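Given next are the chains, with one letter for each unit.
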Amino acid sequence: MDIENQILGLAQLGDYINGFLQKGPEDFNESDAKFEILLKKSEIENPWFTIDNQKFALRQWAGLLQESNIRKWLADYSPSKVSRRVGLILAGNIPLVGFHDVISVILSNNIPVIKLSSKDKHMVPFLLKKWKEFSKDNLLYEIVEKLENFDAVIATGSNNTARYLEYYFKDHMSIIRKNRTSVGVLKGDETDEEIRLLAKDIFQYFGLGCRNVTRIFIPQDFALDRLFENFLDFKDIIHHNKYANNYDYNRAVYLLNQEKFWDNNFVMLKEDDKLFSPLSVINFSRYSSLDEVKSFIDENEENIQCIVAKSELALDSIGFGEAQNPGLDTYADNVDTMKFLELI
């Protein structure tokens, strides 16, 4: 296929998304109106996919899909000489979470065979159709109910599902992704603005993404009130029915078990060494030495997607507020998808 037309078409797709997001309904053309209806349909079928969260995801993609960004990303890789069929089992925890795999397969000169998540089944097909249109029809892909006739596979699931997938695809080259989450590390001298940015890393997409922070490390003398005060931008999250149900359930469990927790009526803080926390709960621990934090991170490396912290802590981290802004060269589970696709 013509990768040049695909690159130009993908950049046009980015422009289209950006244009759509900047318009009001009164300025919509027929295509825009269909897109808006699709977003509303997605929210109805999956209440976690609010219009705001879907548009947040689209805004991130519009920023990434610029011709210069795409060419810079692809410059480090060589397209496959022979096109292979790559099965994709997409996740559906946050909007468009599998789109990076789709564009990686296509731009590596391979053919994605896509099994959509039942929780996110509208936006990817719509964007692929627009990309194909912008690429002068130079785009091959298949959307299927069951994966068959493929040469390699990239699949995402829970830890339990991953074990099944590893067995099922044992005779194929594969990337099998499991549950991951992210951590935040506070030095103690963060500004209120930095903590407000950390709140974005926690609450964006309701905390459902692997890049959402679910565990925080704070210094011994850090006041928890500073967290609650700077989380208030997200106080309306409690009005979302499914989130509120999780909050009420977890709060009731803690009360019944007489477990200690801190509460501000929309999120709970719990002093707990566990990496993963329930939805609506943030685990935290106090540290006296950064070595304690580094030791925890090393021990849980396979389950941590990213670390949010000041660069001066030298933790191979990203900045506050950047967790949900990965680049094209940022790969899930830190496995280079494009390098994998060069090998099949």
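Residues numbered from 1 in each chain as written. Predicted model: local features only at pLDDT ≥ 70, side-chain atom pairs only at ≥ 80, totals over all residues. Heavy atoms only, no water.

Caption draft 1: Summary view of the overall build of the protein. Broken down by element type, the protein carries 12 helices and 11 strands. With the C-alpha coordinates aligned to their principal axes, the bounding extent of the protein is approximately 60 × 50 × 40 Å. Per-residue burial over the protein gives 53% buried out of 344 residues. Across the protein, every contact between residues at least 6 apart in sequence was considered, and the portion connecting residues at least 24 apart equals 73%. Of the charged side chains in the protein, 40 are positive and 53 negative; the average position of the first set lies 4 Å away from that of the second. (Helix = DSSP H or I, 4+ residues; strand = E, 2+ residues; numbered from the N terminus. Buried < 20%, exposed > 50% of the residue type's maximum accessible area, 1.4 Å probe, protein only. Contact = heavy atoms within 4.5 Å. Lys, Arg positive; Asp, Glu negative; His and termini not counted. Charge placed at Lys NZ, Arg CZ, Asp CG, Glu CD.)

Caption draft 2: Quick peek at the environment of Leu 147. Relative to the helices and strands, Leu 147 resides in the loop between β3 (142-143) and β4 (152-156). Here Leu 147 falls in the buried class, since its relative accessible area comes to 10%. With near-sequence residues (within four places) excluded, Leu 147 lies in contact with Gly 87, Leu 88, Ile 89, Val 113, Lys 115, Val 153 and Phe 169.

Caption draft 3: Fine view of the packing of helix α5 (residues 99-107) against helix α6 (residues 123-134). Packing of α5 against α6 brings their axes to within 11 Å, and their N-to-C directions diverge by 30°. Relative to α6, the element α5 lies roughly parallel. Crossing of α5 against α6: the hand is right-handed. Contacts between α5 and α6 involve Phe 99, Val 102, Ile 103, Ile 106 and Leu 107 from the first element and Val 124, Leu 127, Leu 128 and Trp 131 from the second. Residue composition of the contact of α5 with α6, by class: 9 nonpolar, no polar and no charged. (Axes fitted to C-alpha atoms, helices over the stretch in contact; angles between N-to-C directions. Parallel < 35°, antiparallel > 145°, perpendicular 65-115°, else oblique. Left-handed = near helix turned anticlockwise from the far one by under 90°. Nonpolar A, V, L, I, M, F, W, Y, C, P; charged D, E, K, R; others polar.)

Caption draft 4: Up close: the environment of Ile 344. Position of Ile 344 among the secondary structure elements: in the segment after α12 (337-343). Excluding its chain neighbours within four sequence positions, the residues that come into contact with Ile 344 are Arg 84, Val 86, Asn 110, Ala 152 and Met 173.

Caption draft 5: Representation of the nonpolar core within the structure. Grouped together as the largest cluster of nonpolar side chains are 52 residues, with contacts concentrated most on Leu 13, Phe 35, Phe 99 and Leu 127. Examining the composition of this core, we find that 9 residues originate from one element, helix α1 (residues 3-22), more than from any other. In contact with Leu 13, other than residues within four places in its own chain, are Leu 65, Phe 99, Leu 127, Lys 130, Trp 131 and Phe 134. Core analysis: the next-biggest nonpolar cluster, separate from the first, contains 35 residues, Leu 186, Ile 195, Ala 199 and Ile 237 among them. (Core = buried A, V, L, I, M, F, W, Y, C linked by side-chain atoms within 4.5 Å.)

Caption draft 6: Here's a closer look at the pattern of salt bridges. Enumeration according to the criterion identifies 24 salt bridges in this entry. A salt bridge links Asp 137 to Lys 132; the shortest N-O distance between them is 3.8 Å. Of the residues examined, Asp 137 reaches a relative accessible area of 52% and is grouped as exposed. When the shortest N-O distance is used, the salt bridge between Arg 215 and Asp 273 registers 3.8 Å. With Arg 215 in strand β7 (residues 213-219) and Asp 273 in the loop between β9 (268-271) and β10 (281-287), this pair connects stretches of sequence that are 58 residues apart. A relative accessible area of 1% places Arg 215 in the buried class. Among the residues examined, Asp 273 registers a relative accessible area of 58% and is labelled exposed. What you see here is one network of salt bridges that share partners, running through Lys 187, Asp 189, Glu 194, Lys 310 and Glu 312. (Salt bridge = Lys/Arg side-chain N within 4 Å of Asp/Glu carboxyl O.)

Caption draft 7: Expanded view of the pairing of strand β1 (residues 85-89). Among the 5 residues of β1, 5 are classified as buried, and the element is accordingly described as predominantly covered. What you see with β1 is no split at all: Arg 85, Gly 87 and Ile 89 on one side and Val 86 and Leu 88 on the other are buried throughout. As paired elements, β1 and strand β2 (residues 111-115) share 5 bridges and run parallel to each other. Residue pairing in the sheet places Arg 85 in a bridge with Ile 111 of β2. With 4 bridges connecting them, β1 and β4 associate as parallel partners. Across the sheet, Gly 87 pairs through a bridge with Val 153, a residue of β4. (Pairing = 2+ DSSP bridges.)

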